[in-house]
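Below are the chains, spelled out letter by letter.
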Amino acid sequence: MISLLKSTINLYLKHFWLYLKIISPLLIPVAVLPIIGHYASLGRLSIVFSTLFGVILMIIGLFIEVIMISASYQLITTTDAATQISLKQKWQEAGHKFFSYLYLKILTAIIVLSLPLIVKSFQNYLPNYIFNPLRAIALAWIALFTLLFLFSAYVLIIENQQVIPSIKKGKELFLQRSLSIILKLTGGLLCFGAMLIVISIITDIIIAVILKQTYILFNPYLSPWWQKLTGSVCALLGMPLITILTTYLFYESKTSDRTGDTRPTKN
């Protein structure tokens, strides 16, 4: 576990500027739009503006996910891969895989959310002693299928598989080392989540000091407008960490059948 977390952090820091370039089409709007919204009033156009940019950012986010998975796998498995990575080429490759990736995301989302939505629809018609156990089952359903589909996108992007074969093989790769993957993924999410929360809090304090508004941070009735901004930026900066960690887990599962060696590559 410790070795995996160290390898993930080392890879991210070693290629930080590459990852920053990858997420910049998403990071810049997320950082700039809240500032524009705070200092400029768009009136009735605010809803249209937010919806339009929300859709655009969602599409850009899908491209970035594809690029980040492909680049991370190349960095993990290829010596001096950073010198071989062309972001222009990665964007072109992402364009070719975009609709397959979108189809995969939609299909898996339908499966993951199907039972919870059915249970939710009966909320007003069932007593709590029946609805609460059903809600617990729905939450377990979400967790189960989210994990089963964990590697599906990696199979589709890295192995150039079609959507249905990607789902099937991703499930097989997860099930062969399910307990180890769950423990490592949970540990990574907790570790990186704690790191990002601390960074976000420190950033909030620095901004409050600069703006001379530190009193807002300790007032339970006030919330500084930049707090969501720093949270969003830190979350985006944490995206590569989660992607790298999951890529390592995918690589371990993929190679364990052939070699039995599941140690992460050192970077």
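Before any of the text, the structure's been laid out above.
Nothing here was measured: the structure is a model prediction, and the numbers come from that model. (Residues numbered from 1 in each chain as written. Predicted model: local features only at pLDDT ≥ 70, side-chain atom pairs only at ≥ 80, totals over all residues. Heavy atoms only, no water.)

Trainee: Go over helix 7 (residues 163–175) with me, naming the residues and quoting the values.
Mentor: The first and last C-alpha atoms of helix 7 sit 18 Å apart over 13 residues, in line with the 18 Å expected at 1.5 Å per residue. Taken together, the buried positions of helix 7 are Val163, Ser166, Ile167, Gly170, Leu173 and Phe174. Down the axis of helix 7, the sector holding all buried residues measures 130°, keeping them to one side. (Helix = DSSP H or I, 4+ residues; strand = E, 2+ residues; numbered from the N terminus. Expected span 1.5 Å × (residues − 1). Buried < 20%, exposed > 50% of the residue type's maximum accessible area, 1.4 Å probe, protein only. Arc of directions from axis to C-beta.)

Trainee: Report on the environment of Val112, specifying residues and quantitative values.
Mentor: Locating Val112 in the fold gives a position in helix 4 (residues 87–121). Along the backbone, Val112 and Phe145 are 33 residues apart, and their C-alpha atoms lie at a distance of 5.8 Å. Residues in contact with Val112, not counting those within four places in the same chain, are Trp141, Ile142, Phe145, Thr146 and Phe149. (Contact = heavy atoms within 4.5 Å.)

Trainee: Mind laying out the packing of aromatic side chains, listing which residues take part and the relevant values?
Mentor: Counted according to the given criterion, the structure contains 13 aromatic pairs. Between Phe145 and Phe149, the ring centres sit 5.9 Å apart and the planes meet at 45°, which makes this aromatic pair tilted. Through a chain of ring-to-ring contacts, three or more aromatic side chains come together here, namely Tyr73, Phe151, Tyr154, Phe250 and Tyr251. (Phe/Tyr/Trp six-rings, centres within 6.5 Å; stacked < 30°, edge-to-face > 60°.)

Trainee: Talk me through a nonpolar patch on the surface; I want residue IDs and the actual numbers.
Mentor: A contiguous nonpolar patch, built from Val198, Ile202, Ile206, Ile210 and Leu211 and spanning about 460 Å² of accessible area, is present on the exposed surface. Locating Val198 in the fold gives a position in helix 8 (residues 178–211). (Patch = residues over 30% accessible without salt bridge, like charges linked within 9 Å, V, L, I, M, F, W, Y side chains within 5 Å. Areas by Shrake-Rupley, 256 points an atom, 1.4 Å probe, with all protein chains shown as cover. Salt bridge = Lys/Arg side-chain N within 4 Å of Asp/Glu carboxyl O.)

Trainee: Explain unusual backbone geometry residue by residue, including any values.
Mentor: Phi is positive for Asn160, close to 55°, though the residue is something other than glycine. Summarising the element assignment, Asn160 is placed in the loop between helix 6 (152–158) and helix 7. You can call Asn160 exposed: its relative accessible area is 54%.

Trainee: Would you mind going over the environment of Thr108 in detail, with residue names and values included?
Mentor: With respect to the helices, strands and loops of the structure, Thr108 is situated in helix 4. Exposure remark for Thr108: the relative accessible area of 13% places this residue in the buried category. As a C-alpha pair, Thr108 and Val163 span 55 residues in sequence and 9.9 Å in three-dimensional space. Here Thr108 is in contact with Phe149 and Ile167, once residues within four sequence places are set aside. One polar contact links the side chain of Thr108 to the main-chain carbonyl oxygen of Lys105, over a distance of 3.1 Å. (Polar contact = N/O pair within 3.5 Å; in protein donor to acceptor, adjacent residues only side chain to side chain.)

Trainee: Got a sec to walk through the pattern of salt bridges? Specific residues and values, please.
Mentor: According to the stated counting rule, one finds six salt bridges in the structure shown. As a salt-bridge pair, Lys169 and Glu159 come within 2.7 Å of each other at their nearest N and O atoms. Placement of Lys169 in helix 7 and of Glu159 in the loop between helix 6 and helix 7 is noted, with a sequence separation of ten residues between them. Between Glu159 and Lys254 there is a salt bridge, with its nearest N and O atoms 3.4 Å apart. Within this pair, whereas Glu159 is found in the loop between helix 6 and helix 7, its partner Lys254 is found in helix 10 (residues 226–259), the two being separated by 95 residues in sequence. A single burial state applies to Glu159 and to Lys254, both of which are buried. One salt-bridge network, held together by shared partners, links Glu159, Lys169 and Lys254.

Trainee: Which residues make up the environment of Met58, and what values go with them?
Mentor: By the element assignment, Met58 lies in helix 3 (residues 45–77). In the structure, Met58 is positioned 32 residues away from Leu26 in sequence and 8.9 Å away in space, judged by C-alpha atoms.

Trainee: If you had to explain the side chain of Ser253 to someone new, which residues and values would you point to?
Mentor: Along the chain, Ser253 falls in helix 10. Given the relative accessible area of 0%, Ser253 is considered buried. Excluding residues that lie within four positions of it along the chain, Ser253 makes contacts with Phe151, Leu173, Gln176, Arg177 and Ile181.

Trainee: An account of the nonpolar core is needed here, citing residue identities and associated values.
Mentor: Ranked by internal contacts, the top residues of the largest apolar core, which has 56 residues, are Leu11, Tyr19, Ile22, Tyr101, Leu104, Phe151 and Phe250. By residue number, the principal contributor to this core is helix 3, which donates twelve residues. Each residue touching Tyr101, except ones within four places of it in the same chain, is listed here: Leu62, Glu65, Val66, Ala153, Leu156 and Ile157. (Core = buried A, V, L, I, M, F, W, Y, C linked by side-chain atoms within 4.5 Å.)

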